[in-house]
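# Coordinate inspection notes
As a plain string of letters, each chain reads:
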2 protein chains.
Amino acid sequence: MPTFQPVRGMRDLLPEDAETLNYIVCKARETAKCYGYKEVITPIVESYDLLSAKAGEEIRQRMFTFKDLGDRTVALRPEFTASIARLATTALKNEPKPLRVFSVGSVYRYDEPQRGRYREFWQSNCELIGAGTAEADAEMILLTNSFLKNVGLRNYAFKLGHIGVIRGILTEEGVDEKTQNSVLQLMDKKEYDEAFKLVKHESCRKILQGLLEQKGETGFETLKNMKYYVKGHEKAEAAVDNLLDILVLVTQSECPVENVEPAFARGLEYYTGVIFEVYIPELDIALGGGGRYDRLIESFGGAQTPATGVAHGLDRIAMAMQMQGVQVRTVEGKRLVVVSVNELMKVEALRIAERLRDAGLSVEFEVMGRKISKALEDADKRKVDYAVIVGKRELNEGKVVVRELHKREQTTVALEELADKIKGAT
Amino acid sequence: MPTFQPVRGMRDLLPEDAETLNYIVCKARETAKCYGYKEVITPIVESYDLLSAKAGEEIRQRMFTFKDLGDRTVALRPEFTASIARLATTALKNEPKPLRVFSVGSVYRYDEPQRGRYREFWQSNCELIGAGTAEADAEMILLTNSFLKNVGLRNYAFKLGHIGVIRGILTEEGVDEKTQNSVLQLMDKKEYDEAFKLVKHESCRKILQGLLEQKGETGFETLKNMKYYVKGHEKAEAAVDNLLDILVLVTQSECPVENVEPAFARGLEYYTGVIFEVYIPELDIALGGGGRYDRLIESFGGAQTPATGVAHGLDRIAMAMQMQGVQVRTVEGKRLVVVSVNELMKVEALRIAERLRDAGLSVEFEVMGRKISKALEDADKRKVDYAVIVGKRELNEGKVVVRELHKREQTTVALEELADKIKGAT
């Protein structure tokens, strides 16, 4: 029989990679708590209607969609925001605002697998619900800045934009919302020619084309150019002013901003305001991104509620750490193996192993029925620190033999001192 | 528009419940590490062929099965063991034995939802691969004992059995494996009459029926009865002896065993040896269970490899903790809110918030654009400990106002002493 493999696009995280992911998850959780966010856990399986409502065509087509045994059309979540918006209209409806909610877990998209892109991937996700201010948007960016700093990354920088600029122009030129969504989807893929073809009026098309050329040396310069360029388009102008407020807040808090993108768009359809992504120079895919979505909760049957959020790509952050040589710092305690000199001492040896575990030590028990020399050789090979050898003669005096494996030294230690001796040894 | 709800059988964990689950996950991880287990993370989506191979008819029919966009028949994992066995035949094939592997995450079964049973639920899972000894099986039980003790549960006890007893009798009486599987499935559901109807020979049927009556007051008494009863059935006798070895090991390590069940069966088809479950008196569903599966890895195309494992039901453990009034002990740091006295001080206030977060404090920033009195009132209501109020006059002297909210007392504190003062306050 041939062996089984993971399904295409899925992958296993072996111990080292799993440890890195867990480390990143811990840092994400610590950071979110530091900003006053509370964790919720929502299901991976949600109704297709919920997940597809505002995801945008691109993501909608790449969802893992199926019917459950009760004939419900369901899907694996491609992101967290829809689930959190659902909560904000139901179980968390009456919570005081602002509502700060955090989640971490796996999400699913049927993309073509490539380096740093899997069909099951990990995100941490923060949503700030009920606040429409620039401070709220700045918080999403600053929180992401803290998180990346906390995992040890360097030289990352944010790219900012504002959906309100393009939507503002299109709305004022009478382009309907559905066409706007298609234009933005294509602009997200940088297919500008295709995007602008959808815009009927040549005057409007020219405005958008010109927008692309407003990029300056810095975010502030770009915004100055944009402000001048969109003069007269009231909504677009307001969007530029809003982005300037946010840029001031984050740069003054020493958060690195690469630039403002005049024609920045993102795949998700629900954005209404600032959008952002963060990159390191070594990698051309974003480590995280987010933005403001002031109409999503209302469209899910809730009250009109401003909201902003961010998702962090944990697999990509792991990859970035590897590229920058960032070490995962975990405290590894001493490792022990407990062996009995013969079959008859097995029960006693196991009791001693249990006592050492109760004292917080990491203890393997010899379960292979091997000769003692073989067991010790194996433990030494795997860099176990100590072997505790349980024999009848020593145990009659309340003692065991402790062997420091790499030094090949051994001493006899009283049982009541055993845990402390091993913990105290340097 | 009506609001969205979770899909039937799925549920949201709001902050308090999410915190409890995370606490249990931490304890599971700590315990597994204490026994020398390393964590791996496998995909939730696996091939249907892998998951269905040895799951047993009952679970096979309740899997979330579907075709992905590449027309592959896949399913959401109903348990972890198949994925770990897959790893043991591929990526971890050449690891030294014994191989100790731990996982934690959600699993999926389309069961009728009821109290303590959801279609998405959480498990921690340990597998010990490569060891066929009684010590290896005892380790699964002792690890579970430690885990339940570590989360703070009381009065739980283990129920033990051995698949080798019934399979031994059926094999010797010439019953084929497929029929054996069906008999065991029905016995697991306690539908004994239906189960025994599948056994043709009356003599064999009578042996099985009589087996049910061998239960004594204690595990040791039951095993004594069983040993006498199955005399002459060589394989069944060996199974009873093996179970006695395991029972001695675990009871001598002060692990509470309720009894041995002479006709114990479990839903999964891959078990070959000892099986066990653990219960508290307050709840009639198992908090965890496992057993030996010596032929699974071979059937997946690997070498002949003895193995034993256990899965813990984390949602049920959370429910058990609630029933026994066990408190989740997490260290909650002090909570702060930072507010600026007016719009002009916003940038400065945000910088101060960031500095306090860098110092490890949990800081909310006022993002609602509210008047200061309103913001403080809200923070007090939500039991935030301190407000840091940033005003121009104090800041010109390098100071801010710190208000202890529940005491309604405030002092002026120099910026460089701010974090330490708040951390040090009692």
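Residues numbered from 1 in each chain as written. Chains lettered and ligands numbered in written order. Predicted model: local features only at pLDDT ≥ 70, side-chain atom pairs only at ≥ 80, totals over all residues. Heavy atoms only, no water.

### A word on the overall build of chain A
- Each helix and strand counted, chain A has 17 helices and 16 strands in total.
- Relative to the 2.2 N^0.38 estimate, which gives 22 Å for 426 residues, the radius of gyration of chain A is 28 Å and therefore markedly larger than a compact globule would have.
- If you line up chain A on its principal axes, its C-alpha atoms span 95 × 55 × 45 Å.
- Sorting the 426 residues of chain A into buried and exposed places 59% on the buried side.
- Within chain A, contacts between residues at least 6 apart in sequence are counted, and of these 67% link residues at least 24 apart.
- Side chains of chain A give 61 positive and 65 negative charges; the mean places of these two sets differ by 4 Å. (Helix = DSSP H or I, 4+ residues; strand = E, 2+ residues; numbered from the N terminus. Rg over C-alpha atoms; globule rule 2.2 N^0.38 Å. Buried < 20%, exposed > 50% of the residue type's maximum accessible area, 1.4 Å probe, protein only. Contact = heavy atoms within 4.5 Å. Lys, Arg positive; Asp, Glu negative; His and termini not counted. Charge placed at Lys NZ, Arg CZ, Asp CG, Glu CD.)

### Description of the interface of chain B and chain A
- Tallying the contact residues gives 100 residues for chain B and 100 residues for chain A.
- Buried surface at the junction of chain B and chain A, both sides included, amounts to about 8200 Å², of which 62% is carbon and sulfur.
- On the chain B side of the contact with chain A, B:F4, B:I41 and B:V367 bury the most area, a combined 10% of that side's loss.
- Taken together, the connections running from chain B to chain A amount to eight salt bridges. (Buried area = accessible area lost by both parts, 1.4 Å probe. Salt bridge = Lys/Arg side-chain N within 4 Å of Asp/Glu carboxyl O.)

### Things to note about the relation of the copies chain B and chain A
- For the pair chain B and chain A, the relating rotation is 180°, the translation along its axis is 0.0 Å, and the fit reaches an RMSD of 0.0 Å. The two molecules are tied by a two-fold rotation axis, judged by turn and shift. When each C-alpha of chain B is compared by its distance to the rotation axis, B:F66 comes out closest, at 3.1 Å.
- Here 100% of the contact residues of chain B are again contact residues in chain A; the copies associate through an equivalent surface. (Least-squares fit on C-alpha atoms with pLDDT ≥ 70 in both.)

### Some remarks on the pattern of salt bridges
All names here are of chain A.
- As enumerated under the stated definition, the model contains 73 salt bridges over all chains in all.
- With a shortest N-O distance of 2.9 Å, R382 and E364 are connected by a salt bridge. Remark: E364 occurs in strand β13 (residues 362–365) and R382 occurs in the loop between α15 (372–381) and β14 (386–390); sequence separation between them is 18 residues.
- Owing to a relative accessible area of 22%, R382 belongs among the partly exposed residues under this scheme.

### Description of the domain arrangement of chain A
- You can read the domains of chain A as domain 1 (15–323) and domain 2 (335–424).
- Computed over C-alpha atoms, the centres of domain 1 of chain A and domain 2 of chain A are 54 Å apart. (Domains from an automatic or database assignment.)

### Quick notes on the packing of aromatic side chains
All names here are of chain A.
- This model, assessed by the stated rule, comprises 15 aromatic pairs over all chains.
- Measuring from ring centre to ring centre gives 5.7 Å for F64 and Y110, while their planes differ by 70°; the resulting arrangement is edge-to-face. One end of the pair, F64, is in the loop between α3 (57–61) and β3 (65–67); the other, Y110, is in the loop between β5 (99–108) and β6 (120–129), and 46 residues separate them in sequence. Considered together, F64 and Y110 belong to a single accessibility category, that of buried residues.
- Linked through ring pairs, F64, Y108 and Y110 together constitute an aromatic cluster. (Phe/Tyr/Trp six-rings, centres within 6.5 Å; stacked < 30°, edge-to-face > 60°.)

### Some details on a negative patch on the surface
Residues and elements named next belong to chain A.
- On the surface, E16, D17, E19 and E332 cluster together into a negatively charged patch.
- Summarising the element assignment, E16 is placed in helix α1 (residues 15–34).
- Assessed through its relative accessible area of 66%, E16 is described here as exposed. (Patch = residues over 30% accessible without salt bridge, like charges linked within 9 Å, V, L, I, M, F, W, Y side chains within 5 Å. Areas by Shrake-Rupley, 256 points an atom, 1.4 Å probe, with all protein chains shown as cover.)

### Regarding the sheet that holds β14(A)
All names here are of chain A.
- The sheet built from five strands is open, its strands ordered β13-β12-β14-β15-β16 with mixed pairing. Only two strands of the sheet have a single partner each, and these edge strands are β13 and β16 (409–414). For this sheet, the mean inter-axis angle between neighbouring strands, taken without regard to orientation, is 25°.
- Here four bridges tie strand β12 (residues 335–340) to β13, and the two strands are oriented parallel to one another. Bridge pairing in β13 places R335 opposite S362. (Pairing = 2+ DSSP bridges. Axes fitted to C-alpha atoms, helices over the stretch in contact; angles between N-to-C directions.)

### Things to note about the packing of helix α10 (residues 219–229) of chain B against helix α11 (residues 234–252) of chain B
Residue and element names in this part refer to chain B.
- For the pair α10 and α11, the least separation of the axes is 10 Å and the interaxial angle reads 165°. When the interaxial angle is binned, α10 and α11 end up roughly antiparallel. In this structure, α10 meets α11 at a crossing whose hand is left-handed. Of the residues in α11, those in contact with G219, F220, L223, M226 and K227 of α10 are E237, V240, D241, L243, L244, L247, V248 and T251.
- Among the residues making up the contact of α10 with α11, the classes are represented as eight nonpolar, two polar and three charged. (Parallel < 35°, antiparallel > 145°, perpendicular 65-115°, else oblique. Left-handed = near helix turned anticlockwise from the far one by under 90°. Nonpolar A, V, L, I, M, F, W, Y, C, P; charged D, E, K, R; others polar.)

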